[in-house]
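Structural overview for review
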Amino acid sequence: MSSNEYTLRSCLKCGDFIKKSPLKCVGICDRVCHVRCSGLSEQQLDNVRNSGWRCDRCIEQSQPEHMLKLQQWLRQHEKRLEALEAGLNSKLNSSCEAPALCPFLPHSISRKAIIITGILLGLTIIMGALLAVILGKTPLKSKLGDGEDTRQSIPINSPIDEVNIGGGLVLRYVPRAVWLAQPPQKELPSLSLPVPMVILLPTNSENCSTQAQCVFKVRFLQTFNIESERRDDISFNFLIGGDGNVYIGRGWDLVGAHLNGYNTRSVSFAYIGTFQHQAPSPKQLNVTRLLLEDGVNRGKIAPNYKLVGASTLEPTITQYNADRLYQSFSNWTHWTTVN
């Protein structure tokens, strides 16, 4: 069909006559449309010229019934969204004109809520000031020294953590509950006290310098002893961290699992770290003196005790090798290299 035949035909979109280059529907209607009225992009026009163009009516007639219903539902949904968007925009515009004190409450309620909150805050401040005056006139009594941690000479406001970090000048026990210990897998046997020997050995783990780091190391070590080595609890009686604190393992009264053949007649001091090439810190050495003195005073360690390294007793067990650790105690009074 020549282009002159289209001069007498009208566009199915706008109704005007088509003078040149129309789009002809390849469907059953055989109608034509202006290119500008089709709403197609340049890329879409290229595709249409290659594959043919269909008008909306022919497309609808060629689609299955469920597709037509889906398209109708989508059109209705788009109209609902447009209506919701228009309503939301109108609400936002009105809220900008007169902002409320609280956007989630009516204006009158939000004002009352702020007034009540201010009154309660003022009363809280007044009550706090009164309590401070009352407590200032009645000093609190220190309970330090009760139970496991005997520190009668330490005042209530003593900066224990700072002192330990500075040099381990205070004996500070960290109980099992504080380092989140698991309970023993079964009841452990008791030691015959006082013990004649204190055995020193390394944990062969990374060192720690804060209580948080040491708690992690001790907790991990207990898990390893129980789950990997099938022990009933953490192996050692006490662990001494780089933070200058003493972590209670099995404690003074229960048999440890640190060295076969010696467990029932000794307590173990395990130093958190590896000491083949690095010596224990001064704070670890200082707190060891305090721990030994406390053990003797409690009647847990015999006054003539022996202080000995684990590798001296079992030189074939390489995990006990810690030359720099043992060298640090070589000039101590109770140190011995003979079993």
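Just so it is clear, the model here is predicted, and its values are computed rather than measured.

**Points about the sheet that holds strand β4 (residues 195-202)**
A sheet is described by the order of its strands in space; here 6 strands give the open sequence β3-β6-β5-β7-β4-β8, paired in mixed fashion. The sheet is open, and its two edges are formed by β3 (173-174) and β8 (301-309), each paired on a single side. Pairing of β4 with β8 involves 5 bridges; the strand directions are parallel. Residue V195 lies in a different strand from β8, and its bridge partner there is I301. Across the sheet, helix α6 (residues 211-228) lies against β3, β5 (238-240) and β6 (246-248), angled at about 35 degrees from β6, the strand it touches most. Relative to β8, helix α7 (residues 282-298) is tilted by about 145 degrees, and along the sheet it contacts β3, β4, β5, β6, β7 (266-271) and β8.

**Topic: the layout of surface pockets**
Its volume calculated, the largest pocket comes out at about 510 Å³. When residues of the lining of the largest pocket are traced back to their parent elements, those giving at least two are β4 and α6. Of all the elements, α6 adds the most residues to the lining of the largest pocket, at 7 residues.

**Observations concerning the state of the cysteines**
Within the structure shown, the criterion is met by 1 disulfide. Two residues share a disulfide in this structure: C208 and C214, whose sulfurs sit 2.0 Å from each other. With the S-S dihedral at roughly 95 degrees, the linkage between C208 and C214 falls on the right-handed side. Among the residues examined, C208 registers a relative accessible area of 4% and is labelled buried.

**Let's talk about the nonpolar core**
Generally speaking, nonpolar side chains in soluble globular proteins are found buried as a group. Counting 51 residues, the largest nonpolar core has V198, L239, F269, L291, L307 and F329 as the members making the most contacts within it. Of the residues forming this core, the biggest block, 6 residues, is contributed by β4. Ignoring sequence-local partners within four residues, the contact set of F269 consists of V198, I199, L200, L201, F238, I240, W252, T288, L291 and L292.

**Focus on the pairing of β7**
For β7, the tally of buried residues reaches 6 of 6 residues, placing the bulk of the element in the interior. In this sheet, β7 lies alongside β4 in parallel orientation, the contact comprising 6 bridges. By the bridge assignment for β7, L201 is matched with A270. Two strands pair when backbone bridges link them, and β5 and β7 are joined in this way by 3 bridges, in the parallel orientation.

**A look at the pattern of salt bridges**
Under the definition given, this model contains 6 salt bridges. Between K186 and D232 there is a salt bridge whose closest N-O contact spans 3.8 Å. A residue pair is termed long-range when its members are at least 10 positions apart, and K186 in the loop between β3 and β4 and D232 in the loop between α6 and β5 qualify at 46 residues. K186 gets classed as exposed once you look at its relative accessible area, which sits at 52%.

Thresholds, definitions, all that
Residues numbered from 1 in each chain as written. Predicted model: local features only at pLDDT ≥ 70, side-chain atom pairs only at ≥ 80, totals over all residues. Heavy atoms only, no water. Pairing = 2+ DSSP bridges. Helix = DSSP H or I, 4+ residues; strand = E, 2+ residues; numbered from the N terminus. Contact = heavy atoms within 4.5 Å. Axes fitted to C-alpha atoms, helices over the stretch in contact; angles between N-to-C directions. 1 Å grid on protein atoms, 1.4 Å probe; cavity = no way out; pocket = protein on both sides within 12 Å on 5 of 7 lines; lining within 4 Å. Points joined across faces, edges and corners; volume = space filled by probe spheres on them. Disulfide = S-S within 2.5 Å. Buried < 20%, exposed > 50% of the residue type's maximum accessible area, 1.4 Å probe, protein only. Core = buried A, V, L, I, M, F, W, Y, C linked by side-chain atoms within 4.5 Å. Salt bridge = Lys/Arg side-chain N within 4 Å of Asp/Glu carboxyl O.

Keep in mind these numbers describe shape, not what the thing actually does.
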